[in-house]
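One-letter residues, chain by chain:
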Amino acid sequence: MIRVVLPAHLRTLARIDGEVTLEVEGPITQHSVLNALEARYPMLRGTIRDHVTQKRRPFIRFFACEQDLSHELPDAPLPDAVATGAEPLLVVGAMAGG
Amino acid sequence: MNKVRLLVGTRKGAFILASDGTRKHWDISGPHFAGWEMYHLKGSPADPNRLYASQTSSWFGQIIQRSDDGGKTWHQPGTPPGEPTTTPDGMPKGESNKFVYDTSPETGKPLTTHQHYDGTQRPWEFKRVWHLEPSLTDPETVYAGIEDAALFRSTNGGQTWQELSGLREAKGKLWQPGAGGMCLHTILLDPNHPERIFVAVSAAGAFRTDDAGNTWRPINRGLKSQYELPDPDAEVGHCVHRIAMHPSRPDVLFMQKHWNVLRSDDTGESWHEISGNLPTDFGFPIDVHAHEPNTIYVVPIKSDSLHYPPDGKLRVYRSRTGGDEWEALTNGLPQRDCYVNVLRDAMAVDSLDPCGLYFGTTGGQVYASANGGDSWAPIVRDFPAVFSVEVQVLP
């Protein structure tokens, strides 16, 4: 099972509390995990990545295992600890600054 | 006795304010969608309990929300509360926040480009929904004015959206964003001619269709933008801030432009200035009295670089003569040390008699007048910055 932690606003939109756990088939990548997330919670489509281009929205970050994975290719494998469910993939709203 | 419902969009959520016809005591619910920028909420004239809302965020993008019970509960259209979020064959339902510009059917490439700040041509790129305008007759039909400027329509209650891309053929290549972005913020539906729609775009101008959105043309003759455009009389490029009409007389339009207040008596074919004795003719909102089509309201703002009222005095100005002659309405409004702004969608007029007026400020106050503007009182003083105010009169 893949674990995903969403920011508070997206948990509200999806009407969930706590972590999301997902069954993901095939290689465990940003792309496959987000596909599974959006299939389960279609109201999140467009909030993490663009509807059409599928690119990450500019102020969204992907963290896991104390690494920033935001700039990894969407089809690159996520860390083994994420793939095994030992660690969650964190979807994070970037710091606003100021 | 009638009830009155105000729909207030703010920088940090939406609020619903309810009163009876006296409009003295208000119940407040909210914040709905706390923490999100709520650009606009509006109810369907055909079904007042059908509300549409634009919820947006720099982080998470655009969400469309809908209520079918007057704002008690909300859902994203196509994903009602308690129902599965996928169709029986497993397909996601969530398309209600998908605003995709039309592309060339032959090449798949963008239909048009627009001017960018650096003089290059750029394709349109969706940013957010500024304004939602429900159909006058069908609760399922609603228009969305978006940034980058375009008009979209949904005919299934906001579940899916299609662009009316003929608008961008109205010299769209020459449009370019102003400092506030290139947004379509005003949508006026003509009650006498269902196929006629007026829209206004910041830094592009006003446009009209007479065939339900298939073809459009600029309607900016008479607008003068002497310090904003190299050609002050250009066909497009004028920074229109807001247009208003009275439903009994839809051929007459009133406009608050970046600078200048104007009027058209011929469905926008030509405009003439009616700024008259206003202390400044810069401003954002403009509205028309519910029962007096020649009585109009503006909120003068000192200038485009200052964005606050002249002399620290918050004054609504009323003209009972359709323009040119204006009187300051100050009773109950702060007349010293006031440096707030009133944004283009943040004024509304109710249909009771006497007519009620409402406006919200960037300082978080919502003011109400139950007597056509003669006197004012704050309903709230400490909301987040107010983006939009709409009003509904309920049986």
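Residues numbered from 1 in each chain as written. Chains lettered and ligands numbered in written order. Predicted model: local features only at pLDDT ≥ 70, side-chain atom pairs only at ≥ 80, totals over all residues.

(A) Highlighting helix H2 (residues 30–40) of chain A. Residue and element names in this part refer to chain A. Among all positions of H2, only Gln-30, Val-33, Leu-34 and Leu-37 are buried. The buried residues of H2 all sit within an arc of 95 degrees when viewed along its axis, so they share a single face. Close packing links the buried residues of H2 with strand S1 (2–5), strand S2 (20–22), strand S3 (60–64) and strand S5 (89–93). (Buried ≥ 20, exposed ≤ 12 C-beta atoms within 10 Å, placed from the backbone. Helix = DSSP H or I, 4+ residues; strand = E, 2+ residues; numbered from the N terminus. Arc of directions from axis to C-beta. Contact = placed C-beta atoms within 7 Å.)

(B) Structural view of the interface of chain A and chain B. Across the contact, 18 residues belong to chain A and 19 residues belong to chain B. In terms of residue count, the dominant contributor to the side of chain A that touches chain B is helix H1 (residues 8–14) of chain A (three residues). For the side of chain A that touches chain B, the residue count by class is ten nonpolar, five polar and three charged. (Nonpolar A, V, L, I, M, F, W, Y, C, P; charged D, E, K, R; others polar.)

(C) Local environment of the environment of Met-43 of chain A. All names here are of chain A. Within the element layout of this structure, Met-43 appears in the loop between H2 and S3. Exposure remark for Met-43: the 22 C-beta atoms within 10 Å place this residue in the buried category. Considered as a pair, Met-43 and Leu-13 are 30 residues apart in the sequence and their alpha carbons are 6.9 Å apart.

(D) Region of interest: the sheet that holds strand S26 (residues 357–360) of chain B. All names here are of chain B. With respect to topology, four strands assemble into an open sheet ordered S25-S26-S27-S28, the strand pairing being antiparallel. Either end of the sheet is taken by a strand with one partner, and the two such strands are strand S25 (347–349) and strand S28 (377–380). Going across the sheet, the axis of each strand differs from the next one's by a mean of 25 degrees, ignoring polarity. Across three bridges, the pairing between strand S27 (residues 366–369) and S28 is antiparallel. In the strand pairing of S28, Tyr-367 is matched with Pro-378. (Pairing = 2+ DSSP bridges. Axes fitted to C-alpha atoms, helices over the stretch in contact; angles between N-to-C directions.)

(E) Here's a closer look at the pairing of strand S18 (residues 253–257) of chain B. Residues and elements named next belong to chain B. Burial within S18 is extensive, with five of its five residues counted as buried. Note that strand S17 (residues 240–245) and S18 share five bridges and pair antiparallel. Considered in S18, the bridge of Met-245 is made with Leu-253. Counting the residues between successive antiparallel strands, the hairpin from S18 to strand S19 (residues 261–264) contains three residues, one of them, Asn-260, with a positive phi of roughly 90 degrees.

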